[in-house]
Amino acid sequence: LSPGPYRVTFTLAGYMPHELTADVTGAQLTNPGVVQLARATGAAAVSSQPTGIDFSISPVDTAAAPASDRRGRTPARIEDLATGDYIVRFARPGWPEQTEQITVVQGKVTPAATTYRGGTVTVRSEPLGATVRQNGLVLGVTPLTLLDVPPGEVEYELGHDGHEPLKLVGRVEADRELPLAGRLLDLDRLVSESELRIPPRPYLTTPLDLGRIPRSTPEYLKVSFVVLRDGTLYDVAILDKVDRRVEQRATEAIAKWKYYPGVSQAGFPVNVRINIPVKVRGG
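From a predicted model like this one, the values you see are computed outputs, not experimental measurements. (Residues numbered from 1 in each chain as written. Predicted model: local features only at pLDDT ≥ 70, side-chain atom pairs only at ≥ 80, totals over all residues. Heavy atoms only, no water.)

Colleague: Hey, could you run me through the overall build of the chain in this one?
Modeller: On a plain count of helices and strands, the chain comes out with one helix and 25 strands. Seen through its C-alpha atoms, the chain measures out along the principal axes to roughly 145 × 35 × 20 Å. Considering only intrachain contacts with a sequence separation of at least 6, the fraction spanning at least 24 residues in the chain is 57%. If you sum the accessible surface of the chain, you get close to 17500 Å²; carbon and sulfur atoms cover 50% of it. Charge centroids of the chain, computed over 32 positive and 32 negative side chains, lie 9 Å from each other. (Helix = DSSP H or I, 4+ residues; strand = E, 2+ residues; numbered from the N terminus. Contact = heavy atoms within 4.5 Å. Areas by Shrake-Rupley, 256 points an atom, 1.4 Å probe, with all protein chains shown as cover. Lys, Arg positive; Asp, Glu negative; His and termini not counted. Charge placed at Lys NZ, Arg CZ, Asp CG, Glu CD.)

Given below as structure tokens:
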């Protein structure tokens, strides 16, 4: 180098540029010494709607700067971030994780913001006053309005004394209302056999030994009765036209039978009327 002053510039990604002047003199080595580069930093302003959301900031290239991970709760301003690209992760219980990518610039404040946009769920029932549960947690009683519900599939269970539980399902969308309604079935209702998961089954019956009966009595009697939820029989009736004494004896005998009760689709014992033929044994 010819003698004279020289301007020397140091640049490195992620650091502030540094300049110095070196005076070169003839037949000598000019040594400006070790140059300490200053880290290039900026800041991030992290916000959310609603506030109070946990967040973390991680460099996109985590292997390059693993110690730069920062955490906080909105709203917050994170200082002294090395310049470069970052991923901001927002975590709110019950909601999917939300992310934003930002670029931190030297000497500037970079915003990072997110908004949680939920939906509204209205739950109605017949009868009113049903308890609404989700994952075992009581949310209230019908009619019920749930605000700021995270988007996605939802399932609620409705319960009311003396009624079968009822499940209501739907999909919540942001900024929209999801109406859910249902009718809870009375446990004391009389159901048809088509509504059953398991029909009634006898476990204690006796043959119809009615003694001396008229010759006109059919071999089989058409019988109707209600199997109650406790397995006892109610409202036993002979549907065939038979002698009054035959009808009375048969009705009294059948009324003493015991049944396993019918089971509804929801898995509860219910009252059900059945019609069956019963063989008559004369003596």
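Colleague: When you look at the side chain of Thr-110 in this model, what are you seeing that I'm missing?
Modeller: Mapped onto the secondary structure, Thr-110 falls in strand E9 (residues 109–115). According to the relative accessible area criterion, Thr-110 is buried, its value standing at 12%. Beyond its immediate stretch of four places on either side in the chain, Thr-110 contacts Ala-43, Ala-44, Ala-45, Ile-102, Thr-103, Val-104 and Val-105. (Buried < 20%, exposed > 50% of the residue type's maximum accessible area, 1.4 Å probe, protein only.)

Colleague: What am I meant to see in the sheet that holds strand E10 (residues 119–126) here?
Modeller: Strand pairing in a sheet takes place through backbone hydrogen bonds and is either antiparallel or parallel in direction. Read from one edge of the open sheet, three strands run E13-E10-E16, paired in mixed fashion. Looking along the sheet, the strands with just one partner apiece sit at the ends: strand E13 (144–149) and strand E16 (177–183). Taken pair by pair, the neighbouring strands of this sheet meet at an average axis angle of 15 degrees, ignoring direction. (Pairing = 2+ DSSP bridges. Axes fitted to C-alpha atoms, helices over the stretch in contact; angles between N-to-C directions.)

Colleague: Explanation requested: the side chain of Thr-217 in the structure shown.
Modeller: Residue placement: Thr-217 occurs in the loop between strand E20 (208–209) and strand E21 (220–227). Within polar-contact distance, the side chain of Thr-217 engages the backbone oxygen of Pro-214 at 3.1 Å. When near neighbours in sequence (up to four residues on either side) are disregarded, Thr-217 contacts Val-246 and Val-280. (Polar contact = N/O pair within 3.5 Å; in protein donor to acceptor, adjacent residues only side chain to side chain.)

Colleague: What exactly am I supposed to notice about unusual backbone geometry here?
Modeller: Glycine aside, negative phi is the norm for most residues, and most peptide bonds take the trans geometry. Along the chain, Thr-74 connects to Pro-75 via a cis peptide bond; the corresponding omega equals -5 degrees. Of note, the amide linkage connecting Glu-126 to Pro-127 takes the cis form, showing an omega dihedral of 5 degrees. Take Pro-127: it is sitting in the loop between E10 and strand E11 (131–134). Non-glycine residue Asn-135 carries a positive phi angle of around 55 degrees. Relative to the assigned elements, Asn-135 resides in the loop between E11 and strand E12 (137–141). On the accessibility criterion, Asn-135 (80% relative accessible area) is exposed. The residue Asp-235 is not glycine, and still its phi comes out positive at about 55 degrees. Take Asp-235: its relative accessible area is 40%, and that puts it in the partly exposed class.

Colleague: Sorry, what's going on with the pairing of strand E8 (residues 98–104) here?
Modeller: Along any regular strand the residues' side chains alternate between the sheet's two faces. Relative to E8, strand E7 (residues 84–91) runs antiparallel, the two sharing seven bridges. In the sheet register, Asp-85 faces E8, and the bridge partner there is Thr-103. Hairpin connection between E7 and E8: a loop of six residues separates the two successive antiparallel strands, and Gly-94 in this loop has a positive phi of roughly 85 degrees.

Colleague: I would appreciate a short explanation of the sheet that holds E11 in the present structure.
Modeller: Pairing is antiparallel in the open sheet, where four strands are placed in the order E12-E11-E14-E15. Two strands lie at the open edges of the sheet, namely E12 and strand E15 (166–172), each paired on one side alone. Taken over all neighbouring pairs, the strand axes of this sheet differ in orientation by 30 degrees on average, direction set aside. Looking at chain direction, strand E14 (residues 152–159) and E15 are connected through seven bridges and run antiparallel.

Colleague: Can you walk me through the pattern of salt bridges in this structure?
Modeller: Per the counting criterion, the structure on display carries 12 salt bridges. A salt bridge links Lys-167 to Glu-155; the shortest N-O distance between them is 3.8 Å. Of this pair, Lys-167 sits in strand E15 while Glu-155 is found in strand E14, placing the two residues 12 residues apart along the sequence. Residue class for Lys-167 comes out exposed when judged on its relative accessible area of 54%. Accessibility expressed as a relative area gives 42% for Glu-155, which makes it partly exposed. Ionic pairing is found between Arg-245 and Asp-243, a salt bridge with its closest N-O pair at 3.4 Å. (Salt bridge = Lys/Arg side-chain N within 4 Å of Asp/Glu carboxyl O.)

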